[in-house]
Amino acid sequence: MTQPRHFLDIDQIDDATLRGILDSAKARKSSRAGQGRGEPDEDRPLAGKVLAMVFIQPSTRTRVSFDVGMRQLGGETIVLNSDDLQLDRGESMADTARVLSRYVDAIMLRTKSHTMLNELVEHATVPVINGLTDSSHPCQLMADVMTLEEHRGPSRSQIVAWSGDGNNVATSWIHGAARFGYELRLACPQALSPSDGAVAWARQQGATIIVTESTEEAVSGADCIVSDAWVSMHDDQKSDRHNMLAPYQVNDGLMAKAKSDAVFMHCLPAHRGEEVTAAVIDGPRSLVWDEAENRLHAQKGILTWCLE
Ligand code: CP
Ligand code: NVA
């Protein structure tokens, strides 16, 4: 039996495939640009296909962009929150995977446990898509690179600075540095430094990755500054995270140390006054709404690659 095409992590998919997914996302975005929202789609490559979306953790963008993307491609979705399933009553993810694979054509999972994603993949016989775990957020990275390139040109010539927690989204940016060729500088407190394994892998692939505690070192000459929530869904609320991360806030002062036309990105949801000020995220250099829109276009590239 041929193996399903899973979309699990950027480090597990080769450069050409990832570039192909982005190319198809860009092509579909531009071909729909002149089309009204209510107009019927002629481009329906996923007609007759059903995507199950399993949410152990909440979501706005991932949920809606996969749902709308699937519909625009002619397919359908079933949204399954954790309390809709028997998981909460002790049924294993392995059994859930076996059963869902008999009904649907692909499964998207959002969970705070990467181990749970691996269990799903091990037992599913249809493609599985990582919709965020405690370890990574590869779908977000695809939308982020798409957005960066729309505004700044080819990713190979960009310097991206991350300021804050070295979290799941940071790991996908690290993987992306190896696959898409941008230089990545991560400014994080020592206690919240990014995954050593991801950094070592990316460097071994030839990526330029700088890990520092100095925001100034990271953002000096950067094309783009990225931040994310100080407390992720999988984190226990701890006030010392706020104390540790306060110096990493992206504000006008930090933006002024990057290139004069540098842009700001954030996967959302954002916490104004914490990881970013309102002046930056709501200001002219913020790409966050284009970034959120591109989740839709990137999902369509991912879905067609997994399912066509
Ligand atoms: N950026 C992102 O994944 O948003 P949601 O948590 O709303 O899906
Ligand atoms: N790092 C954040 C990203 C949310 C999309 C979290 O995991 O909660």
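Structure first, text after, so check above.
Quick notes on the rules
- Residues numbered from 1 in each chain as written.
- Chains lettered and ligands numbered in written order.
- Predicted model: local features only at pLDDT ≥ 70, side-chain atom pairs only at ≥ 80, totals over all residues.
- Heavy atoms only, no water.
- Phe/Tyr/Trp six-rings, centres within 6.5 Å; stacked < 30°, edge-to-face > 60°.
- Helix = DSSP H or I, 4+ residues; strand = E, 2+ residues; numbered from the N terminus.
- Buried < 20%, exposed > 50% of the residue type's maximum accessible area, 1.4 Å probe, protein only.
- Lys NZ or Arg CZ within 6 Å of the ring centre and 35° of its normal.
- Near = heavy atom within 4 Å.
- Polar contact = N/O pair within 3.5 Å; in protein donor to acceptor, adjacent residues only side chain to side chain.
- Areas by Shrake-Rupley, 256 points an atom, 1.4 Å probe, with all protein chains shown as cover.
- 1 Å grid on protein atoms, 1.4 Å probe; cavity = no way out; pocket = protein on both sides within 12 Å on 5 of 7 lines; lining within 4 Å.
- Sits in = over half its atoms within 2 Å of the grid points.
- Nonpolar A, V, L, I, M, F, W, Y, C, P; charged D, E, K, R; others polar.
- Contact = heavy atoms within 4.5 Å.
- Pairing = 2+ DSSP bridges.
- Axes fitted to C-alpha atoms, helices over the stretch in contact; angles between N-to-C directions.

J.: Go over the packing of aromatic side chains, please, and point to the residues and values.
T.: Taken as a whole and judged by the stated rule, the model has two aromatic pairs. Note on F7 and W305: the rings are 6.5 Å apart at their centroids and 75° apart in plane angle, and the pair reads as edge-to-face. Pair noted here: F7 is in the segment before α1 (15-32) and W305 is in helix α12 (residues 288-307), with a separation of 298 residues, a long-range link. An angle of 65° between the planes, with centres 5.4 Å apart, marks the rings of W173 and Y182 as edge-to-face. The same class applies to W173 and to Y182, which are both buried. The aromatic ring of F55 is capped on one face by R63, whose charged end is 4.4 Å from the ring centroid.

J.: Which residues make up the site of ligand 2, and what values go with them?
T.: Lining the immediate environment of ligand 2, one finds L132, N167, N168, V169, D228, S232, M233, C267 and L268. Within the side chain of N167, an N or O atom sits 3.4 Å from a nitrogen atom of ligand 2. Residue S232 places a side-chain N or O atom 2.7 Å away from a nitrogen atom belonging to ligand 2. Relative to its unbound accessible area of 270 Å², ligand 2 is 94% covered by the protein chains. Placement of ligand 2 is best described as lying within the second largest pocket. Its residues assigned to classes, the shell around ligand 2 comprises five nonpolar, three polar and one charged.

J.: Account for the side chain of K29, naming residues and giving values.
T.: Positionally, K29 belongs in helix α1. A polar atom in the side chain of K29 sits 2.9 Å from the side chain of E150. With residues up to four places along the chain from it excluded, the contact list for K29 reads M146, E150, E293, N294 and H297.

J.: Explain the sheet that holds strand β2 (residues 76-81) to me, using residue names and the numbers behind them.
T.: Paired through backbone hydrogen bonds, the strands of a sheet run either parallel or antiparallel to each other. With parallel pairing, four strands are arranged side by side in an open sheet as β2-β1-β3-β4. The sheet is open, and its two edges are formed by β2 and β4 (128-130), each paired on a single side. Within the sheet, the average angular offset between the axes of one strand and its neighbour, ignoring direction, is 20°. Judged from the five bridges that link them, strand β1 (residues 50-55) and strand β3 (residues 106-110) form a sheet pairing that is parallel. Each residue of the ladder has a partner; that of A52, found in β3, is I107.

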